[in-house]
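Examination of the molecular architecture
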Amino acid sequence: MMQQPSLPADWTYSTYCKRYLDDKLYIPTEYRDEGYKTFGAQDYDKGLLNYPNCKGLKGKEFQHSYRETEIYNRTKEREFELITPHDLHATFKDILYHQYETSFSNYTYRNFLPDSRGSSLLRDFEKGVPRNCKILPISSQYCICQFKKVIVVNSTLEEQLGNFVMDRITEILKTNNVTEQCEPEVLKKVKALLSYDMPHDQLGVSAIYDITFETSPSGAVFQILIRSANGSLELAGSSFTRLNEYGSHGACMSKDTLKPLCYCKKKIIHSK
């Protein structure tokens, strides 16, 4: 592009792949040869010294290597599993408080509740439990899984879930100390209520609802998921999705996350 001749590579394929590289400068082996204890934690399959069908080093690269352990093999098995931040948290808890007791050789499933909602990557996952958005603590807006939903026709349930989500919005505003700036809102109507098609063994015990509702007096329309388990309700989404335009309704809020939720009192908007 710059009308310059191509620069040949310093190392050709035959230079770095078809011969051992022990005579080349390599910082980890320099430290190793000076008496330091070295550890390699590389988890990528293809590197300069371990590329497929290449010779690499004739001698041992590190005294200790992550690749040569059962932990590496087990975490490698998780490569195509659905993993959440909760699983990473549980893994760190496992490393700090449990695995050292058995020299990192305990692979039996462990429930980390209530400290963590995840599963350790160093252990077996819970047997018979599918790892998908229905089961794992993943907010709906971050999950690309598609599940069958059915329309729910139950006015009593609509009212119960509608009041539940209104209480949660009120809690959010109270937690942020902005209730004095926002008009009190009530449930106007539930516009749609859907239920996820749950596995047969969970019917009657747990359910996930997708609710779309309108509030008054603002006319705001929101959507969020609700999880029902053993008679108790909790939000299954991390935030309420505002489905209609709110314009300047939330202009009195400094936090962007609160603007869709707050219907600012008119005198406050005018004072702004």
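Below is a summary of the structure that appears in this document. (Residues numbered from 1 in each chain as written. Predicted model: local features only at pLDDT ≥ 70, side-chain atom pairs only at ≥ 80, totals over all residues. Heavy atoms only, no water.)

1. Points about the packing of aromatic side chains
Inclusion rule: Centre distance within 6.5 Å is the pairing criterion for rings of Phe, Tyr and Trp, where only the six-membered ring of Trp is used; planes under 30 degrees apart are then read as stacked, over 60 as edge-to-face, and the remainder as tilted. The rule is simple: take the accessible area with a 1.4 Å probe, protein chains only, and divide by the maximum for that residue type; under 20% is buried, over 50% is exposed, in between is partly exposed. Think of it as a cone above the ring: NZ of Lys or CZ of Arg counts as a charge over the ring if it is within 6 Å of the ring centre and within 35 degrees of the ring normal.
With the rule as written, the count across this model stands at four aromatic pairs. Relative to Y36, the ring of Y31 lies with its centre 5.1 Å away and its plane at 70 degrees, an arrangement referred to as edge-to-face. According to the relative accessible area criterion, Y31 is partly exposed, its value standing at 45%. Residue Y36 is classed as partly exposed on the basis of its relative accessible area, which comes to 48%. With a centroid separation of 5.7 Å and an interplanar angle of 35 degrees, the aromatic rings of F213 and F222 are classed as tilted. Just as F213 is buried, F222 falls in that class too. Through a chain of ring-to-ring contacts, the aromatic side chains of F213, F222 and F240 assemble into a single cluster. The residue whose ring lies beneath R110 is F112, and the NZ or CZ to ring-centre distance is 5.9 Å. One residue, R131, lies across the ring of F125, its end atom 3.9 Å from the ring centre.

2. Examining the pattern of salt bridges
Short version of the rule: Here a salt bridge means any side-chain nitrogen of Lys or Arg lying within 4 Å of a carboxyl oxygen belonging to Asp or Glu. Secondary structure elements are taken from DSSP: a helix is a run of H or I of four residues or more, a strand is a run of E of two residues or more, and numbering for both begins at the N terminus.
Considering all chains together, one arrives at 14 salt bridges under this definition. Between D33 and R32 there is a salt bridge; the shortest N-O distance is 3.2 Å. For R32, a relative accessible area of 23% puts it in the partly exposed group. E214 serves as the salt-bridge partner of K188, at 3.5 Å between the closest nitrogen and oxygen. Of this pair, K188 sits in strand β4 (residues 186-196) while E214 sits in strand β5 (residues 206-216), and the two are 26 residues apart along the sequence. Accessibility expressed as a relative area gives 11% for E214, which makes it buried. Within this structure, E70, R74 and D124 form a network of salt bridges that share partners.

3. Topic: the nonpolar core
Put simply, the test is: The set of buried Ala, Val, Leu, Ile, Met, Phe, Trp, Tyr and Cys residues whose side-chain atoms join them within 4.5 Å is what this entry labels a nonpolar core. Whether two residues touch is decided by their heavy atoms; if any such pair falls within 4.5 Å, the residues are in contact.
V165, L173, L193, Y209, I211, F213 and F240 are the most contacted members of the largest nonpolar core, which has 27 residues in total. Listing elements by their share of this core, those giving two or more residues are α5 (155-175), β4, β5 and β6 (221-229). Examining the composition of this core, we find that seven residues originate from one element, α5, more than from any other. Those residues within four positions of L173 in sequence are excluded, and the remaining contacts are V178, T179, C182, L258, L261 and C262.

4. Examining unusual backbone geometry
The amide bond that connects L113 to the next residue, P114, takes the cis arrangement and shows omega of 5 degrees. Each neighbour pair has its own omega, and for S216 with P217 the value is 15 degrees, a cis peptide bond. Its location among the elements puts P217 in the loop between β5 and β6. Notably, N177 is not glycine yet its phi reads approximately 55 degrees, a positive angle.

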